[in-house]
Amino acid sequence: MKKKKLLNRPFTTFVILSYLIFFIFFIAIGLAMLIGLPESITSMLQIISAWSSTIAFIFIFNQIYPNLTLKRFIKKQFSTRIKFSVLSTIIIIQMIIVALTIFLVPHTNDTQTFSLSFTSVGFLIIAFFDNLVRGPLGEELGWRGFALNELQKKYSPLKSSLIIGVLWGFWHTPLWFASGYTGVNLIKYMVFFMIGILSFSVIITFFYNLNKNLVIPIIAHQLFNFSLVIIQGDLLDILAYVMLFYCGVASLIIVINPYKVLYNG
């Protein structure tokens with residue numbers, strides 16, 4: 001009876017399962033590291049944990065869409081023709097944020113320069129695809145393809161994106177405490193992170209609604225994550241600039257085009 005009740009509330013069920021699966025795998029990763037299992041196993045567990053929202057969605061898919069196959073649903077998420085203007089605009093905005101952050105983050109040592117050797121190029125390529133698998137590819141089908149679209153049936157794009165931002169942000173909670181920060185620095189990390197996630201959620205909703213293809217949030221999400229890998233310097237300094245820039249862009253979107261973010265339809 002309780003299971004049936006939960007499945008009558010697909011969004012709530014999705015969120016609960018996403019959190020539960022992620023937390024279980026996070027504990028499993030900790031135990032694997034504690035008992036000294038091979039790095040390949042912990043790495044695989046990390047990848048699976050990043051896909052917890054997709055796993056949760058797949059688990060309840062048949063109850064939500066009894067007359068639709070998963071393959072058809074996924075295909076539909078990528079069927080809309082990608083608008084070059086939408087994709088290029090979000091990429092340019094994020095590249096400007098990266099460039100400004102590189103310029104403004106304090107130069108603590110020689111590695112702050114953005115010169116790339118053959119070795120670093122190889123590292124960047126590996127890091128790029130590693131980030132893609134551990135983040136956007138595993139998260140966007142659930143959080144945007146299902147959850148955001150589900151919320152927008154009832155709420156405005158702005159309210160929907162803020163709800164997703166809060167839930168998506170706190171879904172990362174275990175990672176906060178694995179960051180290595182404590183005390184005031186941990187609080188700073190959490191605050192910067194949530195400002196960035198909420199702002200990014202508003203931005204990604206805006207551009208996704210302009211072009212209903214999951215490629216848009218996947219690429220935007222990838223650039224969001226990858227920027228934190230390629231910028232050298234103290235992570236808290238990087239977060240402060242990156243997240244505040246995203247906050248500025250989100251605020252600008254709301255001011256310039258409130259109809260697209262504040263109202264339904």
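The structure we're discussing is the one just above.
First, a word on scope: everything that follows refers to the structure included in this document. (Residues numbered from 1 in each chain as written. Predicted model: local features only at pLDDT ≥ 70, side-chain atom pairs only at ≥ 80, totals over all residues. Heavy atoms only, no water.)

## Quick word on the overall build of the chain
For step 1, the next point in the chain: Scanning the chain for helices and strands turns up 14 helices and zero strands.
For step 2, the next point in the chain: Each helix and strand of the chain, ordered N terminal to C terminal, gives the series α-α-α-α-α-α-α-α-α-α-α-α-α-α.
For step 3, the next point in the chain: Relative to the 2.2 N^0.38 estimate, which gives 18 Å for 265 residues, the radius of gyration of the chain is 19 Å and therefore close to what a compact globule would have.
For step 4, the next point in the chain: Overall, the chain is about 60 × 55 × 35 Å in size when its C-alpha atoms are taken along their principal axes.
For step 5, the next point in the chain: Looking at the chain as a whole, 44% of its 265 residues qualify as buried.
For step 6, the next point in the chain: Taking the intrachain contacts of the chain between residues at least 6 apart in sequence as the baseline, contacts between residues at least 24 apart amount to 79%.
For step 7, the next point in the chain: Summing over all exposed atoms, the chain offers an accessible surface of approximately 14300 Å²; the carbon and sulfur share of this is 71%.
For step 8, the next point in the chain: Averaged over its 19 positive side-chain charges, the chain has a centre that lies 24 Å from the centre of its 8 negative ones. (Helix = DSSP H or I, 4+ residues; strand = E, 2+ residues; numbered from the N terminus. Rg over C-alpha atoms; globule rule 2.2 N^0.38 Å. Buried < 20%, exposed > 50% of the residue type's maximum accessible area, 1.4 Å probe, protein only. Contact = heavy atoms within 4.5 Å. Areas by Shrake-Rupley, 256 points an atom, 1.4 Å probe, with all protein chains shown as cover. Lys, Arg positive; Asp, Glu negative; His and termini not counted. Charge placed at Lys NZ, Arg CZ, Asp CG, Glu CD.)

## Let's talk about the pattern of salt bridges
For step 1, the next point in the chain: All told, the structure shown has three salt bridges when counted by the stated rule.
For step 2, the next point in the chain: Its salt-bridge partner being arginine 144, residue glutamate 140 comes within 2.7 Å of it at the nearest N-O pair. Residue glutamate 140 and its partner arginine 144 are both found in helix α8 (residues 136-151); the two are separated by four residues, about one turn of the helix.
For step 3, the next point in the chain: Looking at glutamate 140, the relative accessible area reads 0%, which means it is buried.
For step 4, the next point in the chain: According to the relative accessible area criterion, arginine 144 is buried, its value standing at 0%.
For step 5, the next point in the chain: In this structure, the salt-bridge partner of glutamate 150 is lysine 153, at a minimum N-O distance of 3.2 Å.
For step 6, the next point in the chain: Judged by its relative accessible area of 18%, glutamate 150 falls in the buried class.
For step 7, the next point in the chain: Judged by relative accessible area, lysine 153 falls into the exposed class, the value being 60%. (Salt bridge = Lys/Arg side-chain N within 4 Å of Asp/Glu carboxyl O.)

## Some details on the environment of serine 85
For step 1, the next point in the chain: Here serine 85 is to be found in helix α6 (residues 84-104).
For step 2, the next point in the chain: Given a relative accessible area of 46%, serine 85 falls into the partly exposed group.

## Points about the packing of α6 against helix α12 (residues 215-230)
For step 1, the next point in the chain: Between α6 and α12, whose axes approach to 10 Å, the crossing angle comes to 15°. The angle between the axes of α6 and α12 places the two elements in the roughly parallel class. Viewed along their axes, α6 and α12 form a crossing whose handedness is right-handed. Residue-level inspection shows Val86, Leu87, Ile90, Ile91, Gln94 and Val98 of α6 in contact with α12, the latter providing Ile216, Ile219, Ala220, Leu223, Phe224, Ser227 and Ile230. (Axes fitted to C-alpha atoms, helices over the stretch in contact; angles between N-to-C directions. Parallel < 35°, antiparallel > 145°, perpendicular 65-115°, else oblique. Left-handed = near helix turned anticlockwise from the far one by under 90°.)

## Thoughts on α8
Spacing of three or four residues puts side chains on the same side of an α-helix, whose turn is 3.6 residues.
For step 1, the next point in the chain: With 16 residues, α8 extends just 20 Å between its outermost C-alpha atoms, more than 12% less than the 22 Å of an ideal straight helix rising 1.5 Å per residue.
For step 2, the next point in the chain: For α8, the tally of buried residues reaches 14 of 16 residues, placing the bulk of the element in the interior. (Expected span 1.5 Å × (residues − 1).)

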